Amino acid sequence: MSKHQRTLGKKAVFHTHFFFRKFPALLYILKWLFISIIIGALVGTASAGFLLSLEWATNFRENHLWLIALLPAAGFLIGLLYYYFGKDIEAGNNLLIDTIHEPKGIIPFKMAPFVYLGTMATHVFGGSAGREGTALQMAGAIADQLTKPFKLDRNERKILIIAAIAAGFGSVFGTPLAGAVFGLEVFLIGRIRYNAIFPAFASAILADWATNLWNVKHTHYHIDFIPKLEFLPILYSILAGIVFGICAAAFSKLIHWIGSVFKSKIKYPPLRPVVGGTIIALAVFAMGTTRYIGLGIPVIVESFEKQLPLYDFALKMIFTIVTLSAGFKGGEVTPLFFIGATLGSALSLFIPLPFGLLAGMGFVAVFAGATNTPLACMLMGIELFGTECGVYVAIACVVSYLLSGNNSIYTKQKIGEAKNRRFESQQDKSVSDFL
């Protein structure tokens, strides 16, 4: 290389450094756009495969109902897998939230295949569970492997996990905007980490796009009639939000309490899903219906089409709490959608609002109260049901969030800002401190 060429090279490097010093945001955007593209492609593809697997598992189980009798055996195998090989990842979603608060070792990649296998077994053999927990854990385990290659520091790693959560949530439900805000909102109650806003939105949108490229279809819901925004409908929405908030708090309290009962009464962890699986299997055969196991998507759709009985939400709550408290794998969110939608549909017996609207409000409001993510749930309602119901959905989500108190399905959530001034002393504490 000639002296002239070396001089030109040095000048180019100088100008590049000068340019990025003058426009530092551009370097940040380019860096996180590149990382987000990788996260989006990997997580979106993983979500697509997971969703297709779940569809297969549901159809296979419904065509071979005798498999439900094997739920205790499947639970025992799941328990053995995690007890002997997965103790370091057993915390699941709480491990992701803990990593955002206090980053430690890289999340083991084995979390992704372990939770996938556990969730598939739960659904094939008839447990009542969801999919968001699996999607988030797969996303977190995949994305955290990028920490060392990209030499991310402590704060950048926090952003990476937030982006992964956003990608997993947005792609598995087909709601990228809600997914992005969920990632920003879920780990710290009452506050949002704005330095992660670009990676969260970019990762969620790209992951959802990648899932769609695999031609994976998401469930669509339709609200037939939305009343004009007036005083009485708003009042009825507030009343419904109160009920949804109480339901969310009850679910959160019960799932932790029943989980503690399983742990205190059954010391050997692999036996807990055996007992829980036996209870679920016997209940299914005694009732003669699979309505309350699996994801329950057909019943959720049904709640938008007609008025459902009050016991639907209660039975789904019981089946889900027993399944997950016993140690089966999966998520709580889709069951919460079921619980909220069927409860909302049933509330039309007492609250003079259309059952479809109440079902949509309950769908997201119970979830908002159980996860303390009202903004994400508002966006989810708009993405799933349309902008026309936005105000009603927002009212229900906010009221449910406020009424659910310091309860959450995620025990490692920290209180960034108390819901009420009387509880300011509780700031910076974890939900687990109130259990």
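In this text, all values refer to a predicted model and were calculated from it rather than measured experimentally. (Residues numbered from 1 in each chain as written. Predicted model: local features only at pLDDT ≥ 70, side-chain atom pairs only at ≥ 80, totals over all residues. Heavy atoms only, no water.)

1. Notes on the packing of helix H3 (residues 71–85) against helix H5 (residues 111–124)
Stage number 1. Running from N to C, H3 and H5 cross one another at 165°; their axes reach a closest spacing of 9 Å. Classified by the interaxial angle, the pair formed by H3 and H5 is roughly antiparallel. In terms of crossing hand, the pair formed by H3 and H5 is left-handed. Along its contact with H3, which presents Leu71, Ile78, Leu81, Tyr82 and Phe85, the element H5 presents Phe114, Val115, Gly118, Ala121 and Thr122.
Stage number 2. For the contact of H3 with H5, the per-class residue count stands at eight nonpolar, two polar and no charged. (Axes fitted to C-alpha atoms, helices over the stretch in contact; angles between N-to-C directions. Helix = DSSP H or I, 4+ residues; strand = E, 2+ residues; numbered from the N terminus. Parallel < 35°, antiparallel > 145°, perpendicular 65-115°, else oblique. Left-handed = near helix turned anticlockwise from the far one by under 90°. Contact = heavy atoms within 4.5 Å. Nonpolar A, V, L, I, M, F, W, Y, C, P; charged D, E, K, R; others polar.)

2. A closer look at the packing of helix H15 (residues 355–371) against helix H17 (residues 390–403)
Stage number 1. Where H15 contacts H17, the two axes come as close as 8 Å, and the packing angle between them is 35°. Where H15 crosses over H17, the handedness of that crossing is right-handed. Contacts from Leu357, Met361, Val364, Ala365, Val366, Ala368 and Gly369 in H15 reach Tyr392, Val393, Ala396, Cys397, Ser400 and Tyr401 in H17.

3. A few points about the packing of aromatic side chains
Stage number 1. Under the definition given, this model contains 21 aromatic pairs.
Stage number 2. Relative to Phe337, the ring of Phe173 lies with its centre 5.3 Å away and its plane at 65°, an arrangement referred to as edge-to-face. Placement of the pair is Phe173 in helix H7 (residues 154–173) and Phe337 in helix H14 (residues 333–347), with a sequence separation of 164 residues.
Stage number 3. Across from the ring centre of Tyr83, 4.3 Å away, lies the NZ or CZ of Lys87, which sits over that ring.
Stage number 4. Positioned above the aromatic ring of Phe338, the side-chain terminus of Lys316 is 5.1 Å from the ring centre. (Phe/Tyr/Trp six-rings, centres within 6.5 Å; stacked < 30°, edge-to-face > 60°. Lys NZ or Arg CZ within 6 Å of the ring centre and 35° of its normal.)

4. Quick look at unusual backbone geometry
Stage number 1. Phi is positive for Asn215, which is not a glycine, with a value near 65°.
Stage number 2. The topology assignment puts Asn215 in the loop between helix H9 (197–213) and helix H10 (231–265).
Stage number 3. Backbone geometry places Asn372, a non-glycine residue, at a positive phi of 55°.
Stage number 4. Relative to the assigned elements, Asn372 resides in the loop between H15 and helix H16 (374–385).

5. What to know about the confidence of the model for the protein
Stage number 1. Of all residues in the protein, 94% have pLDDT values of 70 or greater, and the mean over the chain is 93.
Stage number 2. A low-confidence stretch, residues 8–16 (pLDDT under 50), is modelled with zero contacts involving residues beyond four sequence positions or located in other chains. (pLDDT = per-residue confidence, 0-100.)

6. Quick look at the nonpolar core
Stage number 1. Of all hydrophobic cores here, the largest spans 128 residues; its most connected members are Phe363 and Met380.
Stage number 2. Ranked by residue count, the leading element in this core is H7, at 12 residues.
Stage number 3. Ignoring sequence-local partners within four residues, the contact set of Phe363 consists of Tyr221, Ile300, Phe304, Leu336, Phe337, Gly340, Ala341, Met380, Leu384 and Phe385. (Core = buried A, V, L, I, M, F, W, Y, C linked by side-chain atoms within 4.5 Å. Buried < 20%, exposed > 50% of the residue type's maximum accessible area, 1.4 Å probe, protein only.)

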